[in-house]
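Below, each chain spelled out in residue letters.
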Amino acid sequence: MKITILVENSTSRTHNKLCASEWGFSAFIQTKNANILFDTGHSEIYWRNAQNLNLDLNNTHFIILSHRHWDHVEGLKYHNFVNKKKIIMHPEVLNKAPNEVVDIMKKDFEIVTTDKPIEFSPDSYFLGEIPRKFSYEKGEYKGDKMLDDTALAIKTEKGVVVITGCSHSGISNICEYAKEISGQELHAVMGGFHLFEDDPSAVEGAVNYFKAENPRCLYPMHCVDLPTMTKFYNEFGMQKLGAGDEIEFKE
């Protein structure tokens, strides 16, 4: 399995001449069974970066939306898909995403909504609504319960790989549910962790959670501030990924 970061807040040092960056997240995941576009950022950058990296997004089989926020869904306004693609999301995305994006989804895509976990391709899971288990995680955003915030879990020979958008539902909550749904221990976690210095209980809780779980790879990105990123680096020696970076895992 190969995961290519198409949108992130910063650009990879090795791909800075090929890729642009913006506030948001998008990844292209190539498994042995399917090609998956996970989120789209908020502009045409995901599409342009894919072209510059010689990735044809028209070979996408599934589009997964992590939640409804503009910096993860508005890139759909700039898609160039020649055929209707299947797009999977929590029902609240369709109800609460920006109207212009919803209109495009209804016109250009085959929509699947579910609040339950589904195995949409062999060994690949849309997690649906995330149970809130850990009290140190708020599991909301500015008073919004964010029931649509979810993630992707893919089984590999060494454990489950979890890809998150923003983790408004809580990164520990997401990982715990990914373990339950996949039946595997954590191997890698990447994407937006939504951890900030001004919420120390969530940061400490997540650090302690990952110390106990001991996944092989941690790649916090997007909505993680510098002090928290530094803490993860000091604790886990993690690598900071940017737009253009590629990570491979054995299926």
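The rules behind the values
Residues numbered from 1 in each chain as written. Predicted model: local features only at pLDDT ≥ 70, side-chain atom pairs only at ≥ 80, totals over all residues. Heavy atoms only, no water. Helix = DSSP H or I, 4+ residues; strand = E, 2+ residues; numbered from the N terminus. Buried < 20%, exposed > 50% of the residue type's maximum accessible area, 1.4 Å probe, protein only. Contact = heavy atoms within 4.5 Å. Areas by Shrake-Rupley, 256 points an atom, 1.4 Å probe, with all protein chains shown as cover. Lys, Arg positive; Asp, Glu negative; His and termini not counted. Charge placed at Lys NZ, Arg CZ, Asp CG, Glu CD. Axes fitted to C-alpha atoms, helices over the stretch in contact; angles between N-to-C directions. Parallel < 35°, antiparallel > 145°, perpendicular 65-115°, else oblique. Left-handed = near helix turned anticlockwise from the far one by under 90°. Nonpolar A, V, L, I, M, F, W, Y, C, P; charged D, E, K, R; others polar. Phe/Tyr/Trp six-rings, centres within 6.5 Å; stacked < 30°, edge-to-face > 60°. Core = buried A, V, L, I, M, F, W, Y, C linked by side-chain atoms within 4.5 Å. Salt bridge = Lys/Arg side-chain N within 4 Å of Asp/Glu carboxyl O. Pairing = 2+ DSSP bridges.

A. Structural context of the overall build of the chain. What the chain contains, in helices and strands, is 7 helices and 13 strands. Principal-axis analysis of the C-alpha atoms gives the chain an extent of 45 × 40 × 35 Å. Residue burial in the chain is summarised as follows: out of 251 residues, 59% are buried. Residue pairs at least 24 apart in sequence account for 71% of intrachain contacts in the chain once pairs closer than 6 positions are excluded. Taken as a whole, the chain presents about 10,500 Å² of accessible surface, with 45% of it coming from carbon and sulfur. If you average the places of the 27 positive and of the 36 negative side-chain charges in the chain, the two averages end up 3 Å apart.

B. A look at the packing of helix H6 (residues 200-213) against helix H7 (residues 226-236). Following both chains from N to C, one finds H6 and H7 inclined at 25°, their axes separated by 11 Å at the closest point. Judged by the inter-axis angle, H6 sits roughly parallel to H7. Here H6 and H7 pass one another in a crossing that is right-handed. Facing H6, whose interface residues are Val-203, Glu-204, Ala-206, Val-207, Phe-210 and Lys-211, H7 presents Thr-228, Lys-231, Phe-232, Glu-235 and Phe-236. Across the contact of H6 with H7, the residue classes tally to 6 nonpolar, 1 polar and 4 charged.

C. Focus on unusual backbone geometry. Phi is positive for Ser-167, close to 60°, though the residue is something other than glycine. Among the structural elements, Ser-167 can be located in the loop between strand E10 (159-164) and helix H5 (171-182). Its identity is not glycine, yet His-194 carries a phi of approximately 50°, on the positive side.

D. Up close: the packing of aromatic side chains. In the structure shown here, the tally under the stated rule is 12 aromatic pairs. Look at Phe-25 and Phe-38: their rings are 6.3 Å apart centre to centre, the planes differ by 75°, and that puts the pair in the edge-to-face class. Residue Phe-25 is located in the loop between strand E1 (2-7) and strand E2 (26-30), and its partner Phe-38 is located in strand E3 (residues 35-38); the two are separated by 13 residues in the primary sequence. Accessibility classification places Phe-25 together with Phe-38 in one group, the buried group. Where Phe-81 meets Phe-109, the ring centres are 5.9 Å apart and the plane angle is 85°; that geometry is what we call edge-to-face. With a gap of 28 residues between them, Phe-81 in the loop between helix H2 (70-73) and strand E5 (85-89) and Phe-109 in strand E6 (residues 109-113) connect regions that are remote in the sequence. The pair Phe-81 / Phe-109 is uniform in exposure class, with both members buried.

E. Representation of the nonpolar core within the structure. Ranked by size, the top nonpolar core spans 28 residues in total, and within it Leu-127, Val-189, Phe-193, Phe-210 and Phe-232 carry the most contacts. Among the secondary structure elements, those contributing two or more residues to this core are strand E9 (151-156), E10, H5, strand E11 (186-192), H6 and H7. Beyond its immediate sequence surroundings of up to four residues, Phe-232 is in contact with Phe-193, Leu-195, Ala-206, Val-207, Phe-210, Leu-218, Pro-220, Gly-237 and Met-238. Counting 27 residues, the second largest nonpolar core, distinct from the first, contains Trp-47, Ala-50, Val-102 and Met-105.

F. A look at the pattern of salt bridges. Across all of its chains, the model carries 17 salt bridges by this definition. A salt bridge links Glu-100 to Lys-77; its shortest N-O distance comes to 3.7 Å. Note that Glu-100 is positioned in helix H4 (residues 99-108) and Lys-77 in the loop between H2 and E5, a separation of 23 residues in sequence. Linked by salt bridges that have partners in common, Arg-68, Glu-92, Lys-96, Asp-144 and Asp-148 make up one network.

G. Local environment of the side chain of Thr-40. When you line up the elements, Thr-40 lands in the loop between E3 and helix H1 (45-52). Accessibility expressed as a relative area gives 0% for Thr-40, which makes it buried. With residues up to four places along the chain from it excluded, the contact list for Thr-40 reads Val-7, Phe-25, Ser-26, Tyr-46, His-72, Val-73, Glu-74, Gly-75 and Leu-76.

H. Local environment of the sheet that holds E11. A sheet is described by the order of its strands in space; here 6 strands give the open sequence E7-E8-E9-E10-E11-E12, paired in mixed fashion. In this open sheet, the two strands that pair with only one neighbour each are strand E7 (118-121) and strand E12 (217-221). In this sheet, neighbouring strand axes are inclined to one another by 20° on average, regardless of whether the strands run parallel or antiparallel. The pairing of strand E8 (residues 124-126) with E9 spans 3 bridges and is antiparallel. In the sheet register, Tyr-125 faces E9, and the bridge partner there is Ala-153.

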